[in-house]
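Fold and contact review
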Amino acid sequence: MPETEIISTEPATGAVLWRQKVGDVDAEVALARASWAGWAARPLAYRIEALRRFANVVRQKADAFTDLLARETGKPLWEARTEVETVIAKVDVSVSAYSERTGQRRIEAPMNTRLALRHKPHGVLAVLGPYNFPAHLPNGHIVPALLAGNAVVFKPSEKTPASGAFLVDCFHQAGIPEGCIRLLIGGVEQGKALAGHADIDGLLFTGSANTGIALNRQFATRPEKILALEMGGNNPILVWDTPDLYSAAVLVIQSAFTTAGQRCTAARRLIVDEALADPLLAEINKLIGRLIIGEPHADPAPFMGPVIDNDTADMLTESFLALSTMGGRPLRHMERPIEGRPFLTPGLIDMTQANDKPDVELFGPILQIYRKSSFEDAITEANNTRYGLSASLVSQSPKLYDQFWANIRAGIVNWNRPTNGASSSAPFGGVGWSGNHRPSAYYAADYCAYPVVSSESEQARASIGLGLRDA
């Protein structure tokens, strides 16, 4: 039986946070369709000013937004605050990106003509948002889409609808026409209906590879519609030729377990020189033992909170056991410290001798370890995935980093930095199952407008010099 209401609960407590009836896909798309042309006709300066008012609205409501994000996702208050700050900063970043990536240009051409390059919006764009960053990631699509002159229909994850509703309300309070940014509340059924709606001009998606691949198939016969996919990763972090094992351990912990491992750029696989493996893992284990895992508002502040819900926690626990049955050797078991709630302690499992090495994105605090005897074998193992989002090398050797950068297959390649924490001032995306070559963040401007080239002359002057009979 189809859902008629979406209910959001706090992962850390189980308390009901928010509820609302499921929306009408046709009605929301129709409102956006009726509104987008007027918005697109506004001068760019007008749209920029409106979006800067949006940033100011979010700034004024930052404390309330932070509290809501923390409660609905379970992430620590400090991390929710960082997400709100990123939402605010996205406007200025997007304005700069739009100017650089989709600015107007005029080129002189022969016979007193000129060549003009301008960009047009697509029309109505659908945005499907994820639950791990329910404000920052959809906002990274919505702001550049609105800036370019599109209207947007945004369906937040059914697991974090309250944060999506708060975000849309901030746009409306800033004076963005209500028809230009519509909120669609719903679950999987509404998401499918929105993606397949005949009256959208494109879809901007962040989520799982399975869903992204299904969308790619769905859009295969619709080349007139833009599709931008960001689908996560099975990301490697390599540790090689480094004397500072404590710092290496910190980088591994940050990569694998920030946001309880619920980041698309999180490290899923640690690939390490077998000579360093035992002392490095000893440092990692010490740090894991010191991590504070708690509810968002706890004091002292936790490093990580729960995963999004009990179903996800159950799936991750079962996945850890499945890795063990494939020949993985548990080094640190995952635990459920609070009965009935989706808190998980980080799990470590050595997959070096495993019979099967599943290439899946386990979206939580599980880190698989692979010991290798040569750096070449380590890179081969790192590339042994259909994904290609993020990869990091921890090493004191510039030569090894050059080799790593040249041979690793990923859209984000870091050195002595975590796999996560990507900058909004740079493109964000990957290859393989991590995306469809439409990177977001700074390059989102590329898929929110299309280039139009015009050959122009103020007077119509033309003649045919060859191929005519005499008059």
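Notes on the structure in this doc start here. Please read these numbers as outputs of a predicted model, since none were measured by experiment.

A few words now on the overall build of the protein chain. Helix and strand counts for the protein chain stand at 14 helices and 19 strands. Against the 2.2 N^0.38 benchmark of 23 Å for 471 residues, the protein chain shows a C-alpha radius of gyration of 24 Å, consistent with a compact globule. A buried classification covers 56% of the 471 residues belonging to the protein chain. Sequence-distant contacts, at least 24 apart, represent 72% of the contacts inside the protein chain between residues at least 6 apart. About 20800 Å² of surface is accessible on the protein chain, with carbon and sulfur atoms providing 51% of the total. A gap of 6 Å separates the mean positions of the 45 positive and 50 negative side-chain charges of the protein chain.

Turning our eyes to something else, we now look at the nonpolar core. If you look at the biggest cluster of nonpolar residues, it comprises 55 residues, and the most contacted ones within it are Leu238, Val239, Phe257, Leu270, Leu280, Ile284 and Phe404. When residues no more than four places from it in sequence are discounted, the contact partners of Val239 are Ala248, Val252, Leu270, Ile271, Val272, Asp273, Leu276, Leu280 and Val394. By size, the runner-up hydrophobic cluster in this structure holds 54 residues, among which are Leu51, Leu68, Val143 and Phe171.

Spatially, five strands are ordered 7-6-5-8-9 in an open sheet, and the strand pairing comes out parallel. The sheet terminates laterally at strand 7 (181–183) and strand 9 (226–230), the two strands that pair on one side only. Put simply, the sheet's adjacent strands are angled 15° from each other on average, direction ignored. Across five bridges, the pairing between strand 8 (residues 202–206) and strand 9 is parallel. Bridging across to strand 9, Leu204 finds its partner in Ala228. Helix-sheet contacts for helix 7 (residues 188–195) involve strand 5 (124–128), strand 6 (151–155) and strand 8, and the interaxial angle to strand 6 is about 155°.

For sheets, the rule is that strands pair by backbone hydrogen bonds, running either parallel or antiparallel. With antiparallel pairing, three strands are arranged side by side in an open sheet as 3-4-19. Edge positions in the sheet fall to strand 3 (105–109) and strand 19 (449–456), since each has one partner strand and no second. Taking each pair of neighbouring strands and ignoring which way they run, the sheet shows an average axis angle of 25°. Sheet analysis places strand 4 (residues 113–121) next to strand 19, joined by eight bridges and oriented antiparallel. The residue bridging His119 from the neighbouring strand is Pro451, located in strand 19.

In this section: the layout of surface pockets. Its boundaries defined by the atoms lining it, the largest pocket holds a volume of some 1000 Å³. Forming the boundary of the largest pocket are 35 residues, of which Phe205, Thr206, Gly207, Ser208 and Thr211 lie nearest the centre. Broken down by secondary-structure element, the contributors of at least two residues to the lining of the largest pocket are helix 7, strand 8, helix 8 (209–219) and helix 11 (310–325). Per-element tally for the lining of the largest pocket: the top contributor is helix 8, with six residues. One number sums up the size of the second largest pocket: a volume of about 570 Å³. Lining the second largest pocket we find 26 residues, and of these Thr86, Phe133, His136, Gly421 and Ala422 sit closest to its centre. Broken down by secondary-structure element, the contributors of at least two residues to the lining of the second largest pocket are helix 4 (77–102), helix 5 (136–148) and strand 18 (440–441). No other element matches helix 4, which puts six residues into the lining of the second largest pocket.

The subject of this paragraph is the packing of aromatic side chains. Counted by the stated rule, this structure contains seven aromatic pairs. On the basis of an interplanar angle of 0° and a centroid distance of 3.8 Å, the ring pair of Phe54 and Phe171 is categorised as stacked. Pair noted here: Phe54 is in helix 2 (residues 44–60) and Phe171 is in helix 6 (residues 161–173), with a separation of 117 residues, a long-range link. Both residues of the pair, Phe54 and Phe171, count as buried. Taking 6.0 Å as the distance between ring centres and 80° as the angle between the ring planes, the aromatic pair formed by Tyr387 and Trp433 counts as edge-to-face. Here Trp433 lies in the loop between strand 17 (427–428) and strand 18 and Tyr387 lies in the loop between helix 12 (375–382) and strand 15 (390–394), a separation of 46 residues in the sequence.

Buried within helix 13 (residues 398–407) we find Leu400, Tyr401 and Phe404. The buried residues of helix 13 occupy an angular sector of 100° when the element is viewed end-on, so they sit on one face. Exposed and oriented more than 90 degrees from the buried face of helix 13 are Lys399, Asp402 and Ala406.

Once that is clear, we can look at the pattern of salt bridges. This model, assessed by the stated rule, comprises 25 salt bridges. With a closest N to O distance of 3.0 Å, Arg118 and Glu456 form a salt bridge. One end of the pair, Arg118, is in strand 4; the other, Glu456, is in strand 19, and 338 residues separate them in sequence. The network of salt bridges with shared partners includes Arg106, Arg114, Arg118, Glu456 and Glu458.

Moving on: the environment of Trp39. Here Trp39 lies in helix 1 (residues 25–41). A residue is classified by how much of its surface remains accessible, and Trp39, at 2% relative accessible area, is buried. Taking the C-alpha atoms as reference, Trp39 lies 19 Å from Val452; in sequence the two are 413 residues apart. Not counting chain neighbours up to four residues away, the residues in contact with Trp39 comprise Tyr46, Arg47, Ala50, Leu146, Gly149, Asn150, Ile176, Pro177 and Cys180. Reaching out from Trp39, the side chain makes a polar contact with the backbone oxygen of Leu146 at a distance of 2.9 Å.

Conventions adopted
Residues numbered from 1 in each chain as written. Predicted model: local features only at pLDDT ≥ 70, side-chain atom pairs only at ≥ 80, totals over all residues. Heavy atoms only, no water. Helix = DSSP H or I, 4+ residues; strand = E, 2+ residues; numbered from the N terminus. Rg over C-alpha atoms; globule rule 2.2 N^0.38 Å. Buried < 20%, exposed > 50% of the residue type's maximum accessible area, 1.4 Å probe, protein only. Contact = heavy atoms within 4.5 Å. Areas by Shrake-Rupley, 256 points an atom, 1.4 Å probe, with all protein chains shown as cover. Lys, Arg positive; Asp, Glu negative; His and termini not counted. Charge placed at Lys NZ, Arg CZ, Asp CG, Glu CD. Core = buried A, V, L, I, M, F, W, Y, C linked by side-chain atoms within 4.5 Å. Pairing = 2+ DSSP bridges. Axes fitted to C-alpha atoms, helices over the stretch in contact; angles between N-to-C directions. 1 Å grid on protein atoms, 1.4 Å probe; cavity = no way out; pocket = protein on both sides within 12 Å on 5 of 7 lines; lining within 4 Å. Points joined across faces, edges and corners; volume = space filled by probe spheres on them. Phe/Tyr/Trp six-rings, centres within 6.5 Å; stacked < 30°, edge-to-face > 60°. Arc of directions from axis to C-beta. Salt bridge = Lys/Arg side-chain N within 4 Å of Asp/Glu carboxyl O. Polar contact = N/O pair within 3.5 Å; in protein donor to acceptor, adjacent residues only side chain to side chain.

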